[in-house]
Amino acid sequence: QVQLVESGGGSVQAGGSLRLSCAASGISGQYCAGWFRQAPGKEREEVAVVDAFDRPTYTDSVKGRFSISRGNAKSTMYLQMNNLKDEDTAMYYCAASRMGTCDYGMDYWGKGTLVTISS
């Protein structure tokens, strides 16, 4: 059974930083994983994903501010978020695919961790 557990969310002032972590169990090998977010009243959006070769892709609004990475065993994943803005306020979800490519969506989801930015 695959489990993804996020941590590291919280409340921070605009311009600050947070680091989200995702602990994965029940999944191994080469797979795509990433971070998604959903703000109140908005649809869920992809924030950053990394494929089986650890090649990252970022949505335009976070480029240059966010960085996705994985631990050596690929059982952990991180999202370093710098220069946070009000519009980054959302529930952040860790997700993983059974595939090595990120082209076919995600199969597994965590329950989310809340990030709140105050100005």
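If you're wondering where the values come from, they're calculated on a predicted model, not measured in any experiment.

A. Just the pattern of salt bridges, in detail. For the structure on display, the rule yields 7 salt bridges. Salt-bridge contacts for glutamate 45 lead to arginine 37; the nearest nitrogen and oxygen are separated by 2.6 Å. Looking at arginine 37, the relative accessible area reads 4%, which means it is buried. Among the ionic pairs, arginine 98 bridges to aspartate 107, the shortest N-O distance being 3.2 Å. The exposure class assigned to arginine 98 is exposed, which follows from its relative accessible area of 60%. Here the salt bridges do not stand alone but share partners, grouping Arg37, Glu45, Arg65 and Asp88 into one network.

B. Summary view of the sheet that holds strand S1 (residues 3-7). Read across the sheet, 4 strands follow the order S1-S3-S8-S7 without closing on themselves; strand pairing throughout is antiparallel. Edge strands, defined here as strands with exactly one partner in the open sheet, are S1 and strand S7 (66-70). Between one strand axis and the next, the sheet turns by 15° as a mean value, whatever way the strands run. Strand direction decides the pairing type here: S7 and strand S8 (residues 76-81), joined by 5 bridges, are antiparallel. Pairing of serine 67 across the sheet is with glutamine 80, part of S8.

C. Quick look at the pairing of strand S3 (residues 18-25). Of the two faces of S3, only one is covered, namely that formed by Leu18, Leu20, Cys22 and Ala24; the face formed by Arg19, Ser21, Ala23 and Ser25 stays uncovered. Taken together, the 5 bridges between S1 and S3 define a ladder with antiparallel strand orientation. Directly across from glutamine 3, in S3, lies its bridge partner serine 25. Here S3 runs beside S8; their pairing, made up of 6 bridges, is antiparallel. Directly across from leucine 20, in S8, lies its bridge partner leucine 79.

D. Geometry of the environment of threonine 57. With respect to the helices and strands, the residue threonine 57 is situated in strand S6 (residues 56-58). Threonine 57 sits 11 residues away from glutamate 46 along the chain, and the two C-alpha atoms are 9.5 Å apart. Discounting chain neighbours no more than four positions away, the residues touching threonine 57 are Val47, Ala48 and Val49.

What counts, and where the lines are drawn
Residues numbered from 1 in each chain as written. Predicted model: local features only at pLDDT ≥ 70, side-chain atom pairs only at ≥ 80, totals over all residues. Heavy atoms only, no water. Salt bridge = Lys/Arg side-chain N within 4 Å of Asp/Glu carboxyl O. Buried < 20%, exposed > 50% of the residue type's maximum accessible area, 1.4 Å probe, protein only. Pairing = 2+ DSSP bridges. Helix = DSSP H or I, 4+ residues; strand = E, 2+ residues; numbered from the N terminus. Axes fitted to C-alpha atoms, helices over the stretch in contact; angles between N-to-C directions. Contact = heavy atoms within 4.5 Å.

That is the geometry; function is a separate question.
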